[in-house]
Every structure is written in C-alpha cells, then in structure tokens.
Protein chains: 2
Amino acid sequence: MVRMISSAIPDFAVRLRAAGLRPTRQRVALARVLFEGGDRHVTAEGLHAEVKATSHRVSLATVYNTLNQFRDAGLLREVVVAPGRSYFDTNMSHHHHFFIETDGELHDFPSDKVTVAGLPTPPKGTKLSRVDVIVRVRR
Amino acid sequence: MVRMISSAIPDFAVRLRAAGLRPTRQRVALARVLFEGGDRHVTAEGLHAEVKATSHRVSLATVYNTLNQFRDAGLLREVVVAPGRSYFDTNMSHHHHFFIETDGELHDFPSDKVTVAGLPTPPKGTKLSRVDVIVRVRR
DNA sequence: CAAGCAGATTAGAATTATTCTAAAAGGTGA
DNA sequence: TCACCTTTTAGAATAATTCTAATCTGCTTG
C-alpha cells in the first residue's frame, strides 16, 4: 500500500533542518506549539507552560535556548515593548504592533497601509536594521 | 545688599515641588545631573555612577525610586528598546528614536518631519497612549 | 546497526536588573 | 524646635535570563 504524504501536515523536522537546526524532540515539540495554528506572541514562561501541557518534558533552559536559536535562525522575531520580559513573534512578515499596556497584550497589524515618511538618515557608519512602529494603547 | 536671583540657573527644588515631589538632597542631585545640560538618555546604573562622581552619596535603590517617580511625574520618559534594561529620556517633547543595536546607544530625532500614516484604529475599548517609532541600525 | 562524537538537554547555580523591607534619617508645617 | 510623615538606605528578595558541567541523543561512519 502506498503511503499518502499530506502536504497539509507541516513537517517540523524538515523545517528545522532547513533552518540549520537539528530536529530534536524538544525543538520539534516547541515548533509544533509555535507554528501550527496562526501567528502568535509568546513569552518564555508562557511557552514553557504550553509545551508542558502537551505532555512533553522540556526544561525552561531549553525553552530559552530554543527561542534564541529560532530567532537567530529567522524563524521568530523578538519584540521588546515592556521592561523585564521579551516577547517572541511567529509572524515574520513585515508588520507592526499594538501593545495594550494595561494588560501586556501584543497584537500585530499589517504594514501594508502604514507609511512612515520623513525619517532622518541613519548616523554615519550605520546601516538600517529595521523600523518598528509600536502603537501603545490603554483600556 | 540685594541678592541677585538669576533665572538662568534652574531651581531644581522649585521644579520638583511643582511636580509634586519633595526636593530632597538626592532628588535634587539627580535632577541636576539629568536636567542641566541638554537632552539625555540614562540607565539606572549609569545615572548612579554619574551622581557618585559629583560626590553626592545616593543609593542605587534611590536612583531606581527617583527614576520611577520622575517618570510618573512627567519629568522623564521610559524607553524600552532592548531586553533587560530600561532607558530614561529627559526629552519630553514629541520625538522618536534611533537605536544603535551594536552598542546600545539611543538617540532622539524630532518628529516634525516624520509622518506615520495609515495606522489602524485601536482595538475597541482602548484609547491611544502614544506611537513609538524606533529606527534600529547596526554599525 | 553499533559506536563514537559533536551538539543538545538538563537541573540547579549564577547573573543581572529591579523591587521590597524595615529601620534610620530628613523635610516641613505649626 | 517638635512631631509627623516622607524618604533614604543597605541588604535581602524577586524575576527574567544565562551559565555550568554532567548526561543524553541525533546522526554519520564503518
């Protein structure tokens, strides 16, 4: 019998290897939580709690290591909007953020319609890395 | 003899009282470092080192307390651009930031010329707090 | 498909930034 | 000056993150 390979089921091992990362059990478990389903924002603690709920044992240190590796590999983007904690965003397309200061929630919004005009030129000897627009709101 | 009161010498005690803060020795010493001279960006540790260099003894805890109080009183603005540490900006006019990621330096740029158009409306039940534009560059 | 090795994981200690605590000191109105 | 309430302080505590050193595991090779 021929086995059906559904392209609808994302193969995280392949995806990790493509990013130059060995597909270990914990990295695959974390990738599953992060990348199946839509775009998300996680903190290290939050992701750790979530992966534990899937009955995979992953240490908090590994969650931190993995988040940093995923970010370095271009699978995640780190977002710093509040003192003390980092958020990691699975949406790698060009976009900006709403930050609800009163409850620490972060939401994407597409940059399609957003225009930032009149920015000064970067200081000499520097090259542009990216432009972040953070819309801070309160409840 | 009539004493001359020069308006060119900023009276930090008065300024603090106007902001609802008692002008204690350490608050005045910190205000002097922060507000005499042009706009600046400081971290708690950096400010602590600077004030010690003026031969005033101010504990690190007081530096933290004071930065938070000054921020709450509208004398400073907190800027969060990098994980782990907060910057405090003495420039309270409307402006944005360059952040030189490679060496952690922060620079203002005026928002006169900058236009941010096409922002989506804030989520229901929230009101706009402010819009930050951070231009990240690397050496 | 066993062996070996480089890379990954882990628990717990360490580090860093910041806040808290409780006691001592200081600013201020009467 | 006194009394009172606020501030300051040293050091302990907390929170987020990184480090360490030992153990484990993918993966390549024979």
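Since the model is a prediction, treat every value here as computed from it, not as a measurement. (Residues numbered from 1 in each chain as written. Chains lettered and ligands numbered in written order. Predicted model: local features only at pLDDT ≥ 70, side-chain atom pairs only at ≥ 80, totals over all residues. Heavy atoms only, no water.)

Description of the interface of chain B and chain A
Tallying the contact residues gives 36 residues for chain B and 36 residues for chain A. When chain B packs against chain A, close to 2900 Å² is buried across both sides, 62% of that on carbon and sulfur atoms. At the boundary of chain B with chain A, the tally comes to 2 salt bridges. Where chain B touches chain A, the interface holds 14 residue pairs in polar contact (both at pLDDT 80 or more). Within the residue set of the side of chain B that touches chain A, elements represented by two or more residues are strand 2 (77-82), strand 6 (115-117) and strand 7 (127-138) of chain B. Here the side of chain B that touches chain A takes 12 residues from strand 7 of chain B, the largest share from any one element. In terms of residue class, the side of chain B that touches chain A is made up of 19 nonpolar, 7 polar and 10 charged. Direction of pairing for strand 6 (residues 115-117) of chain A relative to strand 6 of chain B: antiparallel, over a ladder of 3 bridges. Residue pairing across strands places threonine 115 of chain A opposite alanine 117 of chain B, the latter belonging to strand 6 of chain B. (Contact = heavy atoms within 4.5 Å. Buried area = accessible area lost by both parts, 1.4 Å probe. Salt bridge = Lys/Arg side-chain N within 4 Å of Asp/Glu carboxyl O. Polar contact = N/O pair within 3.5 Å; in protein donor to acceptor, adjacent residues only side chain to side chain. Helix = DSSP H or I, 4+ residues; strand = E, 2+ residues; numbered from the N terminus. Nonpolar A, V, L, I, M, F, W, Y, C, P; charged D, E, K, R; others polar. Pairing = 2+ DSSP bridges.)

Overview of the sheet that holds strand 4 (residues 95-100) of chain A
Read from one edge of the open sheet, 6 strands run 5(A)-4(A)-7(A)-7(B)-4(B)-5(B), paired in mixed fashion. Two strands bound the open sheet, and with one partner strand each, they are strand 5 (105-110) of chain A together with strand 5 (105-110) of chain B. Sheet twist, expressed as the average angle between the axes of neighbouring strands with direction ignored, equals 30 degrees. As paired strands, strand 4 (residues 95-100) of chain B and strand 7 of chain B are joined by 4 bridges and run parallel to one another. What sits directly across from isoleucine 100 of chain B, in strand 7 of chain B, is valine 137 of chain B. (Axes fitted to C-alpha atoms, helices over the stretch in contact; angles between N-to-C directions.)

A word on the protein's contact with DNA strand D
Lining the immediate surroundings of DNA strand D are 20 residues, of which Tyr64 of chain A together with Thr24, Gln26, Arg27 and Thr62 of chain B lie closest. Of all atoms in DNA strand D that approach within 4 Å of the protein, 85% are sugar or phosphate atoms. Arginine 25 of chain A has a polar side-chain atom sitting 3.2 Å from a phosphate oxygen of DNA strand D. With respect to DNA strand D, the side chain of arginine 85 of chain A contributes an N or O atom lying 3.1 Å from a phosphate oxygen. For the surface near DNA strand D, the residue count by class is 5 nonpolar, 8 polar and 7 charged. (Near = heavy atom within 4 Å.)

Overview of the protein's contact with DNA strand C
The environment of DNA strand C is formed by 20 residues, the closest being Thr24, Gln26, Arg27 and Thr62 of chain A together with Tyr64 of chain B. Protein-proximal atoms of DNA strand C, defined as those within 4 Å of the protein, fall in sugar or phosphate at a share of 85%. Between DNA strand C and the protein, one listed contact pairs a phosphate oxygen with a side-chain N or O atom of threonine 24 of chain A at 2.5 Å. Interatomic distance of 3.3 Å between a side-chain N/O atom of arginine 25 of chain B and a phosphate oxygen of DNA strand C. Of all the secondary structure elements, the ones that give two or more residues to the surface near DNA strand C are helix 2 (25-35) and helix 4 (60-72) of chain A together with helix 4 (60-72) and strand 3 (85-89) of chain B. Looking at the surface near DNA strand C residue by residue, the classes come out as 5 nonpolar, 8 polar and 7 charged.

Describing the relation of the copies chain B and chain A
Note on the identical chains: chain B maps onto chain A by a rotation of 180 degrees and an axial translation of 0.0 Å, with an RMSD of 0.1 Å. Here the copies are linked by what is in effect a two-fold axis. Of the residues that chain B buries at the interface, 100% are likewise interface residues in chain A, meaning the two copies contact each other through the same surface. (Least-squares fit on C-alpha atoms with pLDDT ≥ 70 in both.)

Observations concerning the side chain of threonine 90 of chain B
Residue and element names in this part refer to chain B. Along the chain, threonine 90 falls in the loop between strand 3 and strand 4. Judged by its relative accessible area of 10%, threonine 90 is buried. Within the structure, threonine 90 has its side chain in polar contact with the backbone nitrogen of arginine 40 (distance 2.7 Å). The residues contacting threonine 90, other than those within four sequence positions of it, are Leu34, Phe35, Gly38, Asp39, Arg40, Leu75 and Leu76. (Buried < 20%, exposed > 50% of the residue type's maximum accessible area, 1.4 Å probe, protein only.)

Thoughts on the packing of helix 2 of chain A against helix 4 of chain A
All names here are of chain A. At their nearest, the axes of helix 2 and helix 4 sit 11 Å apart, and the two run at 65 degrees to each other. Relative to helix 4, helix 2 is oriented roughly perpendicular. Helix 4 is crossed by helix 2, and the crossing has right-handed handedness. Of the residues in helix 4, those in contact with Gln26, Arg27, Leu30, Ala31, Leu34 and Phe35 of helix 2 are Thr62, Val63, Thr66, Gln69 and Phe70. Looking at the contact of helix 2 with helix 4, its residues break down into 6 nonpolar, 4 polar and 1 charged. (Parallel < 35°, antiparallel > 145°, perpendicular 65-115°, else oblique. Left-handed = near helix turned anticlockwise from the far one by under 90°.)

Observations concerning the pairing of strand 4 of chain B
Residues and elements named next belong to chain B. In terms of burial, strand 4 is largely enclosed, as 6 of its 6 residues are buried. Alternating residues of strand 4 divide into His95, His97 and Phe99 and His96, Phe98 and Ile100, and every residue in both groups is buried. Where strand 4 lies against strand 5, 6 bridges are found, and the strand directions are antiparallel. Note on strand 5: the bridge partner recorded for histidine 96 is phenylalanine 109. Count of turn residues in the strand 4/strand 5 antiparallel hairpin: 4 residues, of which glycine 104 carries a positive phi of about 65 degrees.

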